[in-house]
Every structure is written in structure tokens, then in C-alpha cells.
Amino acid sequence: MLDINPSSVRQWSRLGSRAMFGQSILALAENLSNLMVLSADLGKSSGLDRFAAAYPEQFINTGIAEQNMIGVAAGLAKEGFVPFATSFAPFIAMRACEQIRMNMGYMQMNVKAVAIGSGLAMGFLGNSHYGTEDLAVIRSIPNLTVIAPADCAEILKVVYAAAAHEGPVYIRLTGSINTPIVYSADYDFSIGQAIQLRTGTDVSIIAHGSMVHEALLAAKLLEEKNVSVSVWNMHTVKPLDGNALEQCYSHSKLVVTVEEHSVIGGLGSAVAEHRSLYAAAPPLLRLGLPDQYGVTADYRYLLEYYGLVGSGIGSAVLSFLDGSKTNTVLS
Amino acid sequence: MDAQKIRAFALRMRRMIIEMSHQCNMSAHLGGGLSMVEINAILFGAIMRLDPKNPRWTDRDRYILSKGHGVLGYFSALHAVGFISAEKLKTFLQNESDLIAHPVMNMEFGIESSNGSLGHGLSMAVGVALAAKRHRQAYHIYVLLGDGECNEGAVWEAMMLAAQYQLDNLTAIVDMNGYQSDGKTERVINLKNMADRWRQFGWHVQEVDGHDIDNLYQAFCSCTLADQPHVVIARTVKGKGISFMENNNDWHHARLTKNWYEQAVMELDGKTSCST
């Protein structure tokens, strides 16, 4: 595996999540002879140029045909390959949803579906290209493992972990170029085990993907206001880490979920489902995107517009604690 | 190929189809199960390399039933070659049975994939064919589609890719019985020029009478051209072999009550073998 150190992560951060996925796959290919990578005519956009040139026998371009791509990946998996099938989030999660259901859910074929540029990363390409409902759809399909890495280093970790995991995986990539850095050194990553990045006694913020970094920023801002915050990287959205959630319930007065996804059906919903069985659990504030197709703007602008940055998250938490607003997003 | 043996094989399949349909006491997809009988009799009885004692044999030929509702014509063939016992067949459409109205992947039974939702099988078959090429294995992949199923867009996506990758180890068969759930295909989506369409998508196309044993056998033996995937467009009769079901779409999905069952049995008993 590539070495995770302060210098490499700075370089990866500049390249961004898509290029990092390409680098990770290229590195993985050296260790995994039965790797196969599929793209629906988005190889360049998915950072797969170098892989396609270096391993032409292991790269399949299905053309602009995502449904077929998932079925073909399943056929390859059936015969012992480990296929990574890639496209932009809505095209893979929704255009090919039933293929994912039949092949990856029902038949449990060992396919890794990679949703490139999920959330709002597509910026000016608009809502047609945003991945704002993919978790809601994908999370409801049995047998799928759903992972959303927090930064470029974690993309590397997740690509390796998914390849080693026997079974279907949906990998959700968020962020653009200049992806914020969460991890600067190597660390233990296990599918299904959330990582506590910061301890605190008042509020637990649980996030995945791009929002992990923003949650850490929010925690710092809140600390200046004398609110003690713990932050969890819930990289695996399914299966949820119930032990981590129980710790959040028992050690905080407020649980907050933050995600670059609709407030319907993502991590917030998953935590709400889990929390519903715990009578004494603290209140849950779910932060995410409103249930609408909103404005189009550049990525950073959109994150700020929807309050999905450190300051926005901090304000929402303070408002909730003040009792002035019950839920900034859902209202 | 022993044509007499294959005709007996087909007759055995039809008898089993009628038994299963009656015994389950529920509606079953009779019409499309009967139209595919000769296709599967030839494939399972004379063409494919399979070993029921070793269902995961690496070099076996692969068969995918993309028109998943054709289970009657599939389970009966798997029974005839020894994958599924008569006892097991009796559980067809019983609560919690492995044998339901669509295939559920089960390698012990020789069932390579789960189907039911239409338009999935050809994509998976393309993936399997690509895997065989990359592994440099010599097995052949057969995938059976319905003509109505070809309404699904994903079928045409898979057709394009199979031609692009020159998958000459792949043979698709279209059971062209001319009907789909809502009636005649020409009244829903007219695919009369089906062969031309596959040809234009880059496939090696053969059109045959899908109930003519010799014709079918020759077609499958001719799936040897290099660098092109093959398709056998098999013109069939929906409900073939049972007079009152033939070309009567009421039998697309219907219950075989006692009187109908007895008539069907009588018709089949009058034959020593099926087909021409």
C-alpha cells in the first residue's frame, strides 16, 4: 500500500478524491491480480487513465451504459474477478439501481460499486449530477456494505479494505480537488468500526465523507463557546457501528449527524432508526441537505450555502442547544 | 446427436412441465415454458458440457435463463439431466421452496444466476464471457432471452458491448414466441425484424425453427465463427405441444386445473416423442 505520511497526504489532497481513487486502484493492482475495473465512459473523469493504460486487459469500458456495467461486473465477479464498477453517484446508484439490487443485493456478487463525486462535488454540472439521495436508495438494499471515506488517505484504506472484503460494497466518494485532510499518518481501518477522532462530553457529532473534516472544525469552534464535542468518523454507513452509537448516547447531551446527503435516508436516518430503540438517548439533530433540488453553484459555495461547513455546523448546534431552533434543516 | 433421444428428452420435459403445473395448484408461466422446450432439450441434452455430479466444474459450459419466468422449461431440463431430483421438483411453488416462479441461484441445482426481473441475463453473460476470455478458458456461455424481454434497454447495452469485445464464446438465444404478457409482441413493441437488429449490432445471427431438433442442433454447432458473439433467433410457438395452449396467451400465466391437466396428459401420452 502507498505510504500515508504528511507529505503524501498533502499531495493527495491537492489531487482530490477522484484522482486519489485512481491512484489507489493503480496501487491495488500490484497486489491483486484478479482486479477488474469498469467504467461507463467516465474513465478519465474517474482518475482511471493511468490504470487503463497500465492494465488494458483489466479495464473494461462499457460505454455509456451503467445498467449493463453492473451486470457485466457481476458476471466477472461470478468467475472470480474482483470488479470495481465506477460512475458518477446518481448514474450508478439510481440509473443502475435495480442491477445493483439483483446482482449485488440478491445474488451478493462480489462487486465494488464506486460512486464518484457524490454529494455536491459536481458543482456547476447541476442537480442531474449530484449524489444527494444515493445513500437512501442504496442503504435499503440488503447485503450491501456502504462506505464513505473521509479523505484521500481513507480512500486508499477503503479501496484496499473493499477489495479484501468478500461481498458487495458501495463506496461513496465526496469532495473535489483540494480535499481537506483528516488523516496525516497511517491508522487502523476496519469496515463497520467507527473511529472516534475527538472526545468531548456535551455533544457527539457523527459524520461521514467530506463532513468529517467539517465536524472537526465545528468541534473546535464549539469548544471556544465552552461546548465539549466528540467527533466520530462513521465511515461505514451500513452496517452501522452500534457500539459507537451507544457510546454517543451515554456520553453526550446531544447527538448530531452531518452528511453531504439529503436529510432523508442517509446517516441521519440510519442513526434515528437505531436510536429509536433507546428510550434514554439524547436528542438527535440531523444536518444535511434539504429535501429539494436546490441552487447550482461551485462546490465550496454550496457547502456554505447549506451550512455544511465547520461554522454552519457549529451554529446549528448552538441554536439547537439554545432552544431557538429545533432543527435548522428540517424546519 | 441422436435426434430420437432429444425428442424423448423434450417429451419428458413437457410431461414434467404439465405435472409441476398441475401439482402446484397455482398459476405458472406455461406458455413461455413450453415454447423453449426444444431449445433447452438440445442445449442440455446434446450441446453443453455439464456434470451434475460436479456442478461447479470449472470447465463447464454456463447457461443463464434471462427470461426468468421460463422456469418450467428450465427446471424440467435440469431434472432430465440429473441436477434436480423428481422429489425436489414436487416442491415447486410450495412455501419456502428453492424452486419458485423464477430461478434462484443455486449451484447444486445447476442454476447459475437469480433472474426474474427481465433484461439482466445478457449483461451477466457478457461478464462471464469476458472472464472466460481473460482466464483463457474454453467454456461457452449460453443465455436464453424472450422476445418480449428484448423491450428492455439493458439488453441492447449488453449486445453492443458483446460485439465490441468480440465475445465469440457467447451464444444468446431468443425464444421468439411472438407474445408477451399483454399480448402479441407486434402490438406492444414490434420486433419483426429481430434478426436484422442483432446483425446490425454486430452479432452472428442464425434464424431457425425453434422446435426443429436438427435445425437447432445445426445452429448451435455453427456458433463457431471467431470474433463475433452468436445469436440464435428461434421462432417458436407459445404453449407448444399442448393444443389448447398453442398461441393462446391466456396460458402465459395460468392455473392448470384438473380437466385441462387430464387433456394435456392425454395429448402427451398419445406421443412417443415431441416435436417434428
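Residues numbered from 1 in each chain as written. Chains lettered and ligands numbered in written order. Predicted model: local features only at pLDDT ≥ 70, side-chain atom pairs only at ≥ 80, totals over all residues. Heavy atoms only, no water.

With that settled, the discussion passes to the overall build of chain A. Looking only at helices and strands, one finds 13 helices and twelve strands in chain A. Here the C-alpha radius of gyration of chain A, 19 Å, is about what a compact globule of 331 residues would show, namely 20 Å. By principal-axis analysis of the C-alpha atoms, chain A measures approximately 60 × 40 × 35 Å. Taken over 331 residues, chain A has a buried fraction of 63%. Sequence-distant contacts in chain A: of pairs separated by 6 or more residues, those separated by 24 or more amount to 77%. (Helix = DSSP H or I, 4+ residues; strand = E, 2+ residues; numbered from the N terminus. Rg over C-alpha atoms; globule rule 2.2 N^0.38 Å. Buried < 20%, exposed > 50% of the residue type's maximum accessible area, 1.4 Å probe, protein only. Contact = heavy atoms within 4.5 Å.)

Attention now goes to the overall build of chain B. Of the regular secondary structure elements, chain B holds eleven helices and nine strands. The globule rule puts the C-alpha radius of gyration for 276 residues at 19 Å, and the 17 Å found for chain B is close to it. With the principal axes as the frame, chain B shows a C-alpha extent of 50 × 45 × 35 Å. Taking all 276 residues of chain B together, the buried fraction comes to 59%. Considering only intrachain contacts with a sequence separation of at least 6, the fraction spanning at least 24 residues in chain B is 77%.

Here we come to the packing of aromatic side chains. For the coordinates displayed, the defined rule picks out 18 aromatic pairs over all chains. Plain terms: the ring middles of Tyr249(A) and Tyr278(A) are 5.1 Å apart, the flat faces sit at 55° to each other, and that makes the pair tilted. Of this pair, Tyr249(A) sits in helix 10 (residues 242-251) while Tyr278(A) is found in the loop between helix 11 (267-275) and strand 12 (284-289), placing the two residues 29 residues apart along the sequence. Using a relative accessible area of 7% as the deciding quantity, one classes Tyr249(A) as buried. Ring pairing ties together the aromatic residues Phe44(B), Tyr63(B), Tyr74(B), Phe75(B) and Phe92(B), which thus form one cluster. Its guanidinium or amino end placed over the ring of Tyr187(A), Lys157(A) lies 5.3 Å from that ring's centre, counting from NZ or CZ. Arg62(B) extends its terminal NZ or CZ atom over the ring of Tyr139(B), reaching a point 3.6 Å from the ring centre. (Phe/Tyr/Trp six-rings, centres within 6.5 Å; stacked < 30°, edge-to-face > 60°. Lys NZ or Arg CZ within 6 Å of the ring centre and 35° of its normal.)

As a further point, take helix 11 (residues 258-269) of chain B. Along an α-helix, a turn takes 3.6 residues, which lines up residues three or four apart on a common side. Compared with an ideal rise of 1.5 Å per residue, which puts twelve residues at 16 Å, helix 11 of chain B spans 16 Å between its outermost C-alpha atoms and is within 8% of the ideal. Buried residues along helix 11 of chain B sit against helix 1 (3-23) of chain B. (Expected span 1.5 Å × (residues − 1).)

With that out of the way, let us pick up the confidence of the model for chain A. Looking at chain A, the pLDDT average stands at 96 and 98% of residues meet or exceed 70. Here residues 327-331 of chain A is a poorly scored stretch, pLDDT under 50, and it has twelve contacts once near neighbours within four places are set aside; other chains count. (pLDDT = per-residue confidence, 0-100.)

So, on to the domain arrangement of chain A. All names here are of chain A. In terms of domain boundaries, chain A breaks down into domain 1 (6-172) and domain 2 (195-322). The centre of domain 1, based on its C-alpha atoms, is set 25 Å off from the matching centre of domain 2. The partner domain 2 presents 32 residues to the 28 residues of domain 1 that form the contact. Taking the shortest distance from any N to any O, the salt bridge between Arg-139 and Glu-273 comes out at 3.0 Å. Summed over the shared surface of domain 1 and domain 2, the result is 18 residue pairs in polar contact (both at pLDDT 80 or more). No other element matches the four residues that helix 7 (residues 134-139) contributes to the side of domain 1 that touches domain 2. Here the residues of the side of domain 1 that touches domain 2 sort into 14 nonpolar, nine polar and five charged. (Domains from an automatic or database assignment. Salt bridge = Lys/Arg side-chain N within 4 Å of Asp/Glu carboxyl O. Polar contact = N/O pair within 3.5 Å; in protein donor to acceptor, adjacent residues only side chain to side chain. Nonpolar A, V, L, I, M, F, W, Y, C, P; charged D, E, K, R; others polar.)

Residues and elements named next belong to chain B. At their nearest, the axes of helix 1 and helix 4 (residues 72-80) sit 9 Å apart, and the two run at 120° to each other. Viewed along their axes, helix 1 and helix 4 adopt a mutual orientation that is oblique. By crossing handedness, the relation of helix 1 to helix 4 is classed as right-handed. Across the interface between the two elements, Phe-9, Arg-12, Met-13, Met-16, Ile-17, Met-20 and Ser-21 from helix 1 touch Leu-72, Gly-73, Phe-75, Ser-76, Ala-77, His-79 and Ala-80 from helix 4. (Axes fitted to C-alpha atoms, helices over the stretch in contact; angles between N-to-C directions. Parallel < 35°, antiparallel > 145°, perpendicular 65-115°, else oblique. Left-handed = near helix turned anticlockwise from the far one by under 90°.)

Here we come to the nonpolar core. Counting 75 residues, the largest nonpolar core has Phe21(A), Ile25(A), Phe84(A) and Ile205(A) as its most contacted members. If one sorts the elements of this core by residue count, helix 8 (residues 152-164) of chain A sits on top with ten residues. Three or more residues apiece are contributed to this core by two domains, here domain 1 (6-172) and domain 2 (195-322) of chain A. Apart from the residues within four sequence positions on either side, Ile205(A) is in contact with Ala215(A), Ala218(A), Leu222(A), Val229(A), Ser230(A), Val231(A), Trp232(A), Val256(A), Val258(A) and Ile313(A). Ranked by size, the runner-up nonpolar core spans 66 residues in total, among them Ile60(A), Ala96(A), Leu144(A) and Met176(B). (Core = buried A, V, L, I, M, F, W, Y, C linked by side-chain atoms within 4.5 Å.)

Listed per partner, the contact involves 28 residues of chain B and 25 residues of chain A. In this assembly, chain B packs against chain A so that about 2,200 Å² is buried in total across both faces, 59% of it on carbon and sulfur atoms. The largest share of the area that chain B buries against chain A comes from His120(B), Arg134(B) and Glu157(B), three residues that together contribute 27% of it. Summed over the shared surface of chain B and chain A, the number is four salt bridges. Note that Glu112(B) and Lys78(A) form a salt bridge whose closest N and O atoms lie 2.6 Å from each other. Remark: the boundary between chain B and chain A carries nine residue pairs in polar contact (both at pLDDT 80 or more). Elements that contribute at least two residues to the side of chain B that touches chain A include exactly helix 6 (121-135) and helix 7 (153-164) of chain B. (Buried area = accessible area lost by both parts, 1.4 Å probe.)

Backbone torsion omega between Lys238(A) and Pro239(A) reads -5°, so that peptide bond is classified as cis. Here Pro239(A) shows up in the loop between strand 10 (236-238) and helix 10. At Asp41(A), a position not held by glycine, the phi torsion is positive, near 65°. Its place among the elements puts Asp41(A) in the loop between strand 1 (35-39) and helix 3 (49-54). Among the residues examined, Asp41(A) registers a relative accessible area of 40% and is labelled partly exposed. One non-glycine residue, Glu96(B), adopts positive backbone phi at about 65°.

A few words on the pairing of strand 3 (residues 82-88) of chain A. Residues and elements named next belong to chain A. Of all seven residues making up strand 3, seven are buried, and the element is well covered by its neighbours. Alignment of strand 3 against strand 4 (residues 112-116), held across five bridges, turns out to be parallel. Each residue of the ladder has a partner; that of Ala-85, found in strand 4, is Ala-113. (Pairing = 2+ DSSP bridges.)

The final tally for this structure, using the stated rule, is 24 salt bridges over all chains. Note that Arg198(A) and Glu223(A) form a salt bridge whose closest N and O atoms lie 2.7 Å from each other. Remark: Glu223(A) occurs in helix 9 (residues 211-224) and Arg198(A) occurs in strand 7 (residues 195-198); sequence separation between them is 25 residues. What makes Arg198(A) buried here is its relative accessible area of 17%. Here Arg49(B) ties to Asp61(B) by a salt bridge, and the two come within 3.2 Å at their closest N and O atoms. Here the residue Arg49(B) occupies a position in the loop between helix 3 (37-47) and strand 2 (62-65), and Asp61(B) occupies one in the loop between helix 3 and strand 2, the gap between them amounting to twelve residues. Residue Arg49(B) is classed as partly exposed on the basis of its relative accessible area of 38%. Asp61(B) sits in the buried class, given a relative accessible area of 3%. In this structure, a network of salt bridges that share partners links the residues Glu57(A), Arg134(B) and Arg136(B).

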